Each structure stands twice: as C-alpha cells, then as structure tokens.
There are 2 protein chains.
Amino acid sequence: MTELRAEWTGKRLELIETAGPLFANSGIDGVSIREIAEKSNVNIASINYYFGSKENLYIEALRYVAWQVRCPLAQKILQDKDIDYSTKKHCISIIKKLIEERVQNYLSDKYPMWYSRLLLRSLIEPPAKFENVLFHTFIPEFNALVEILMKCNPRNTIEKCKFWAFSILGEISFYVFAEPGIKLAINITEKYTQEFLSQLQKHITSLILKGLDLREG
Amino acid sequence: MTELRAEWTGKRLELIETAGPLFANSGIDGVSIREIAEKSNVNIASINYYFGSKENLYIEALRYVAWQVRCPLAQKILQDKDIDYSTKKHCISIIKKLIEERVQNYLSDKYPMWYSRLLLRSLIEPPAKFENVLFHTFIPEFNALVEILMKCNPRNTIEKCKFWAFSILGEISFYVFAEPGIKLAINITEKYTQEFLSQLQKHITSLILKGLDLREG
DNA sequence: CAAATATTAAAACAATCGTTTGATTTAAAC
DNA sequence: GTTTAAATCAAACGATTGTTTTAATATTTG
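Being a predicted model, the structure only gives us computed values, none of them experimental.

Here is what the cut-offs are and how they apply
Think of each chain on its own: its residues are numbered from 1, step by step along the sequence as written. To read the labels, note that chains go from A and ligands from 1, taken in the order they are written. In view of the model being predicted, local features appear only for residues whose pLDDT reaches at least 70, and side-chain atom pairs are presented and counted only at 80 or more, with totals across whole chains, interfaces and linings using the full set of residues. Side-chain metrics rest on all non-hydrogen atoms present in the structure, leaving aside hydrogens and water. Least-squares superposition of the copies uses the C-alpha atoms of those residues scoring a pLDDT of at least 70 in each of them. Throughout, a residue-residue contact means that at least one pair of heavy atoms, one from each residue, lies within 4.5 Å. Nonpolar cores were defined as sets of buried Ala, Val, Leu, Ile, Met, Phe, Trp, Tyr and Cys residues, with membership established by side-chain atoms within 4.5 Å. The buried label applies to any residue whose accessible area, calculated with a 1.4 Å probe on protein chains only, is under 20% of its type's maximum; exposed applies above 50%, and partly exposed to all values in between. As a working definition, buried area equals the accessible area (1.4 Å probe) given up by two parts on being put together, with both sides summed. Between Lys or Arg on one side and Asp or Glu on the other, a salt bridge is scored when a side-chain nitrogen of the former is within 4 Å of a carboxyl oxygen of the latter. Residues adjacent in sequence count toward polar contacts only when both atoms are side-chain atoms; beyond that, a polar contact is any pair of N or O atoms within 3.5 Å, and within protein one must be able to donate a hydrogen and the other to accept it. Secondary structure is summarised from DSSP: a helix means a run of H or I of at least four residues, a strand means a run of E of at least two, and numbering begins at the N terminus for each. The residue classification treats Ala, Val, Leu, Ile, Met, Phe, Trp, Tyr, Cys and Pro as nonpolar and Asp, Glu, Lys and Arg as charged. All others, Gly included, are polar. Start and end positions for the domains come from either an automated domain assignment or a database one. Each residue is tested against the molecule or strand, and it is near if at least one of its non-hydrogen atoms lies within 4 Å. Working convention: axes come from line fits to C-alpha atoms, limited for helices to the stretch in contact. Angles between N-to-C directions cover 0 to 180 degrees. Comment on the angle field: the value is read as roughly parallel under 35 degrees, roughly antiparallel over 145, roughly perpendicular from 65 to 115, and oblique elsewhere. It is the directions from the helix axis to the C-beta atoms that the arc portrays. Note on aromatic contacts: the rings of Phe and Tyr and the six-membered ring of Trp form a pair at centre separations within 6.5 Å, being stacked when their planes are under 30 degrees apart, edge-to-face when over 60 apart, and tilted otherwise. Only Lys NZ and Arg CZ are tested; either one counts as a charge over a ring when it is within 6 Å of the ring centre and within 35 degrees of the ring normal.

Brief notes about the relation of the copies chain B and chain A
What connects the two chain copies is a rotation about an axis and a shift along it. With an axial shift of 0.0 Å and an RMSD of 0.0 Å, the rotation relating chain B to chain A amounts to 180 degrees. Interpreted geometrically, this transformation is the action of a two-fold axis. When C-alpha positions in chain B are compared against the rotation axis, the closest is assigned to Asp29 of chain B, at 2.7 Å. Comparing contact sets, 100% of the residues at the interface of chain B also lie at the interface in chain A, consistent with an isologous, same-surface contact.

Description of the nonpolar core
Counting 167 residues, the largest nonpolar core has Leu107 of chain A together with Leu107 and Tyr175 of chain B as the members making the most contacts within it. Excluding anything up to four places from it in sequence, Leu107 of chain B contacts Arg102, Met113, Ile172, Tyr175, Val176, Tyr192, Leu197 and Leu200 of chain B.

Brief notes about the interface of chain B and chain A
At the interface, 45 residues of chain B touch 45 residues of chain A. Between chain B and chain A, the buried area comes to about 4,200 Å², and carbon and sulfur atoms account for 71% of it. On the chain B side of the interface with chain A, the three residues burying the most area are Ile124, Phe163 and Phe177 of chain B, jointly 18% of the side's total. Joining chain B to chain A, the criterion identifies 2 salt bridges. Residues Lys210 of chain B and Asp213 of chain A are paired through a salt bridge, measuring 3.3 Å at the closest nitrogen-oxygen approach. On the surface where chain B and chain A come into contact, there are 12 residue pairs in polar contact (both at pLDDT 80 or more). A per-element tally of the side of chain B that touches chain A places helix 9 (residues 158–177) of chain B first, with 12 residues. When the residues that make up the side of chain B that touches chain A are grouped by side-chain class, the tally is 26 nonpolar, 10 polar and 9 charged.

So, the domain arrangement of chain A
Residue and element names in this part refer to chain A. Entries for chain A in the domain assignment read domain 1 (10–65) and domain 2 (71–211). Listed per partner, the contact involves 17 residues of domain 1 and 10 residues of domain 2. Taken over both partners, the interface formed by domain 1 and domain 2 buries close to 1,400 Å², and the fraction arising from carbon and sulfur atoms is 70%. Where domain 1 touches domain 2, the interface holds 0 salt bridges. Inspection of the domain 1/domain 2 interface yields 6 residue pairs in polar contact (both at pLDDT 80 or more). Looking at the side of domain 1 that touches domain 2 residue by residue, the class counts come to 10 nonpolar, 4 polar and 3 charged.

Let's talk about the protein's contact with DNA strand D
Near DNA strand D, the surroundings consist of 15 residues, among which Ile33 and Lys54 of chain A together with Lys11, Tyr49 and Tyr50 of chain B are the closest. Sugar and phosphate atoms form 51% of the subset of DNA strand D atoms that lie within 4 Å of the protein. Arg34 of chain A places a polar side-chain atom, nitrogen or oxygen, 2.9 Å from a base nitrogen of DNA strand D. The contact in question runs from a phosphate oxygen of DNA strand D to an N or O atom on the side chain of Tyr49 of chain B, over 2.9 Å. Every element with two or more residues in the surface near DNA strand D is listed here: helix 2 (33–40) and helix 3 (44–51) of chain A together with helix 3 (44–51) of chain B. Each residue belonging to the surface near DNA strand D can be placed in one class, and the counts come to 7 nonpolar, 4 polar and 4 charged.

Looking at the packing of helix 7 (residues 113–124) of chain A against helix 9 (residues 158–177) of chain A
Residues and elements named next belong to chain A. For the pair helix 7 and helix 9, interaxial distance at closest approach is 9 Å and the crossing angle is 110 degrees. Of the possible angle classes, the one that applies to helix 7 and helix 9 is roughly perpendicular. Within the contact between the two elements, helix 7 uses Met113, Ser116, Arg117 and Leu120 and helix 9 uses Ser173, Tyr175, Val176 and Phe177. Taken together, the residues of the contact of helix 7 with helix 9 sort by class into 5 nonpolar, 2 polar and 1 charged.

A look at the protein's contact with DNA strand C
Not every one of the 15 residues close to DNA strand C is listed here, only the nearest: Lys11 and Tyr50 of chain A together with Ile33, Arg34 and Lys54 of chain B. When atoms of DNA strand C within 4 Å of the protein are sorted by moiety, sugar and phosphate together comprise 49%. For DNA strand C, a phosphate oxygen lies 2.6 Å from a polar atom in the side chain of Tyr50 of chain A. Measuring from a base oxygen of DNA strand C, one finds a side-chain N or O atom of Arg34 of chain B at 2.8 Å. Within the residue set of the surface near DNA strand C, elements represented by two or more residues are helix 3 of chain A together with helix 2 (33–40) and helix 3 of chain B. Broken down by class, the residue content of the surface near DNA strand C amounts to 7 nonpolar, 4 polar and 4 charged.

Here's the deal with helix 3 of chain B
Residue and element names in this part refer to chain B. All of the buried residues along helix 3 are Ser46, Ile47 and Phe51. Buried residues of helix 3, viewed axially, fall in a sector of 105 degrees; they line one side. If you check the start of helix 3, you find a side-chain oxygen 3.0 Å away from the backbone N of Ala45, and it comes from Asn43. Looking at the residues trailing helix 3, positive phi occurs at Gly52, about 90 degrees.

Here's the deal with the side chain of Glu179 of chain A
One can find Glu179 of chain A in helix 10 (residues 179–185). For Glu179 of chain A, a relative accessible area of 11% corresponds to the buried category.

Digging into the packing of aromatic side chains
Scanning all chains against the criterion turns up 35 aromatic pairs over all chains. Ring geometry for Tyr192 of chain A versus Phe196 of chain A: centroids 5.3 Å apart, planes at 15 degrees, classification stacked. Among the residues examined, Tyr192 of chain A registers a relative accessible area of 6% and is labelled buried. Here the aromatic rings of Trp8 of chain B and Trp67 of chain B are separated by 6.2 Å at their centres, their planes lie at 55 degrees, and the arrangement is tilted. Note that Trp8 of chain B is positioned in the segment before helix 1 (10–26) and Trp67 of chain B in helix 4 (residues 54–68), a separation of 59 residues in sequence. Taking relative accessible area as the criterion, Trp8 of chain B reaches 1% and is therefore assigned buried. If you follow Arg70 of chain A out to its NZ or CZ, it ends over the ring of Trp67 of chain A, 3.9 Å from the centre.

Listed below in structure tokens is the structure:
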C-alpha cells in the first residue's frame with residue numbers, strides 16, 4: 001500500500017470519502033452539496049472553501065479513486081528486461097497476474113466498491129474535464145496491457161491485441177458497472193463474496209488464456 | 001421490424017426521441033425539462049401534459065429503447081423443439097447468432113447508439129422504479145441465454161453458465177458504456193465503423209466458442 | 001501575549017429546478 | 001355552426017441549486 005498524496009488528507013479526505021460514494025451512485029448532478037455537507041458534518045461553505053467548486057470536488061474524488069485502484073502491474077512487467085516472452089509458462093503467469101490485479105482492485109474488499117464504480121462512471125460520461133484523468137490512468141494501463149499481449153503473441157496484430165485488452169477490461173468492468181443488474185440476475189443483495197470472486201477470476205483467466213491459445217500443459 | 005406501441009407515437013414519440021439521447025449522455029439529473037422542451041420545439045408544460053412528470057418521461061424513454069433493442073432470439077430458440085444440442089455444429093451456430101444479435105442491436109447503426117447507452121445506464125443506476133424495466137427485459141434474456149448455454153454444455157453447472165452468459169453480455173456491453181474511453185484509447189472520434197464491428201463480432205465469437213470448447217472443425 | 005492566518009458558521013445570493021395555473025388556440029364531434 | 005374536448009402557451013409557483021458574503025471562532029506564528 002503506497003502513501004496517499006498530501007492533497008488527500010484531513011477535511012479534504014473526509015469530504016472526498018463522503019461525497020465519493022454519493023457521486024458513484026448518482027452522478028455529479030444527482031447529489032447536492034447540501035447532502036454532502038450534511039452527511040459529512042461540515043458547513044456547506046466548506047466544500048467551496050476546500051475545493052473551490054462542486055465540480056472540483058468531483059474531479060478530486062475521481063483522481064483519488066483512480067490513484068487508489070490503479071493497476072500498474074503491466075507497466076512494471078514491461079520494465080523487467082529478464083522476462084522471456086517466448087515461453088508459454090511465463091506468458092500464462094503474467095496474464096494470470098494481470099487479471100488477478102484487476103479483480104482484486106476493482107471487485108474485492110481491498111477497496112470500497114464505490115472506488116471502481118466512480119472510476120468507471122467517468123468512462124461512460126466523460127465531460128471534457130474528466131478526460132485528463134482518464135488520459136493519465138486508463139490509457140497508459142491499456143497501452144501497457146496491449147504491449148504485453150503483443151509480446152506474448154507476436155503473431156497477432158496490434159488491432160487484435162487491442163481487442164484482447166478490451167476483453168480483459170470489459171469482462172471485469174462489467175461486474176462493476178452492471179453490479180445492480182447482475183445481483184438482480186443472480187438473486188443476491190449483499191456484496192460479491194470472496195468465493196464468487198475467486199470463481200470469477202478463474203473463469204476470466206481460463207477464458208482469456210484459451211482464447212489466446214495459451215492453454216496450460 | 002415490429003410495430004411500435006401506440007404509446008410511442010406523435011408528440012410523445014417526438015419528446016422521447018429528443019430527450020432520450022440527452023438522458024443517455026447526462027443522466028436524468030443532467031438534463032432539464034427546459035432543455036428538452038427547447039430542443040423539441042414544444043412548451044415546457046407539454047412534458048408534464050404528455051408524461052405527467054420528468055421522471056415518467058425518463059422511464060418511458062427507457063421502456064422505449066428496451067423494447068427497441070431487445071434481443072429475444074434466445075427465447076425463440078428455446079421454443080424450437082427440433083434443435084439437437086448434442087451436435088457441436090448446431091451449438092456453434094446458435095451461439096454465433098446470439099452474439100451477432102447483440103452486436104447488431106447494441107452497436108451497429110441498426111439503432112441509434114443512445115438506445116443501448118440509455119438501456120445500459122439503467123444497469124449502473126437503477127432507482128427502484130427502473131428495476132421493473134430491467135426485470136422484464138434484461139433478466140428474461142439473461143435466463144434464456146443461461147438455459148441455452150446449459151443445453152450446449154450439459155456438463156457445466158448453472159453457476160458456470162451464468163459466468164458464460166455474463167461474459168457474452170459484458171464483452172459487448174463494454175463497447176457501449178465505455179464508448180468514450182474506448183474511442184480515446186484507439187484514437188477515433190467518429191462512431192464505430194462496420195468493419196470494426198465485424199472484427200469485434202469475430203473476436204467475441206471466437207473467444208466465447210474457444211472458452212466453451214466449441215472450436216469449429 | 002499579540003498578530004496573522006486558517007477554518008467554521010449562518011445567512012443571503014441570483015439562478016435554475018420541476019411543476020402548476022389559467023387563459024388561449026386548435027381540433028373534433030354532433 | 002355550435003359545443004366539447006384536446007392541445008398549446010406564457011407566466012408564475014415554491015423549492016432547491018451552487019456559490020458568495022460577512023462575521024465569528026480556532027489555530028498558528030512571531
């Protein structure tokens with residue numbers, strides 16, 4: 001666990017942690033600063049005092065969760081010059097870890113569920129101001145993912161590897177953004193159990209590895 | 001193409017078609033009835049006159065798109081008693097069609113993109129009132145999908161087949177709800193081309209069939 | 001302690017929200 | 001042609017929105 005940035009401390013952090021889940025559930029327009037102030041036990045003026053505006057608070061909350069649940073494993077792996085991508089075993093191990101990281105950071109109780117919900121919400125409704133956050137989190141991780149997939153399967157074109165990267169991201173993201181619908185479908189009301197997530201991780205890993213012709217053994 | 005319902009005609013239809021894309025992009029709270037009235041060239045009072053309230057207009061728009069882009073193929077297939085699920089060929093053909101139907105209805109220019117965007121938005125933010133729409137569209141289609149997957153692969157448990165169904169839905173849905181982020185990642189500004197969608201459909205079909213051990217030949 | 005700064009508080013700001021009213025116009029029915 | 005209903009309109013409703021102001025209170029600094 002890395003340190004939080006200095007900007008995410010004290011009252012600022014409190015406000016982010018209070019407003020965040022509200023934003024994640026109802027969007028920026030679905031939450032009033034009075035509701036945030038009330039639940040956070042601060043005066044309404046504090047929001048503008050600490051963040052300048054409601055929109056800035058939203059953007060800060062977005063930057064905060066993007067930092068928390070970021071998945072830098074792919075970039076780290078790419079820096080390792082000792083990896084031999086010609087052996088199936090290594091490639092399988094890498095892809096397994098890449099999927100595990102995202103299931104852990106997006107879906108497990110390592111972080112509150114609203115972290116990933118707020119992050120993914122910025123994917124569906126990206127006002128101009130949010131693109132900056134996306135550009136520094138989602139895009140680099142995506143590009144690293146594509147690069148690794150290229151090395152694991154050099155015969156594939158970059159276009160095909162982008163499809164594979166989107167498959168990995170999509171499979172996991174679906175359980176975040178469609179969470180209410182999914183729980184309706186499988187008839188549960190509580191949060192995903194660890195057992196469920198373990199099975200899900202296995203399922204996605206198997207699906208992707210098979211697709212990439214990287215079946216073990 | 002089936003007929004539209006009587007409730008979706010005239011001024012009501014006009015209002016739905018005007019408000020729909022706004023709702024899909026910004027959510028119910030991100031659009032004002034004055035903006036809708038202005039773009040629709042009607043008086044503000046018309047919205048309450050025709051729908052009773054803004055929320056009802058939103059729900060009607062949701063019911064409208066859910067009806068339009070619904071994917072009833074799975075239910076239809078299940079009614080056909082002549083299908084032999086023990087032959088790989090039939091199973092492959094069925095799953096291909098199921099994926100094609102969703103890519104067509106959700107992503108192609110068969111329908112405006114905001115249809116599927118609004119529908120999927122109801123998955124991420126389902127107020128109590130929207131659950132009703134979900135329950136009559138998303139859930140039955142999902143259940144039928146699971147049932148077909150069970151018949152294609154009787155050795156699988158129902159839990160595993162649910163994962164497979166979610167995989168199919170998730171792979172395609174990702175390109176709807178994360179559309180802005182995806183276009184940022186692959187650096188395009190226009191809508192998905194037919195060529196891109198054709199490749200995407202091939203990719204998802206191959207991915208799912210391989211995962212289900214239904215590789216052709 | 002005194003001065004300067006940072007934080008909190010209540011109140012009011014203008015603007016916008018969804019909705020309603022009541023009058024007027026259009027269309028349909030007899 | 002008269003009557004009845006449907007549709008449209010401008011205007012105003014009270015409530016709520018995000019933000020600002022101004023004063024009071026902590027906190028920190030010298």
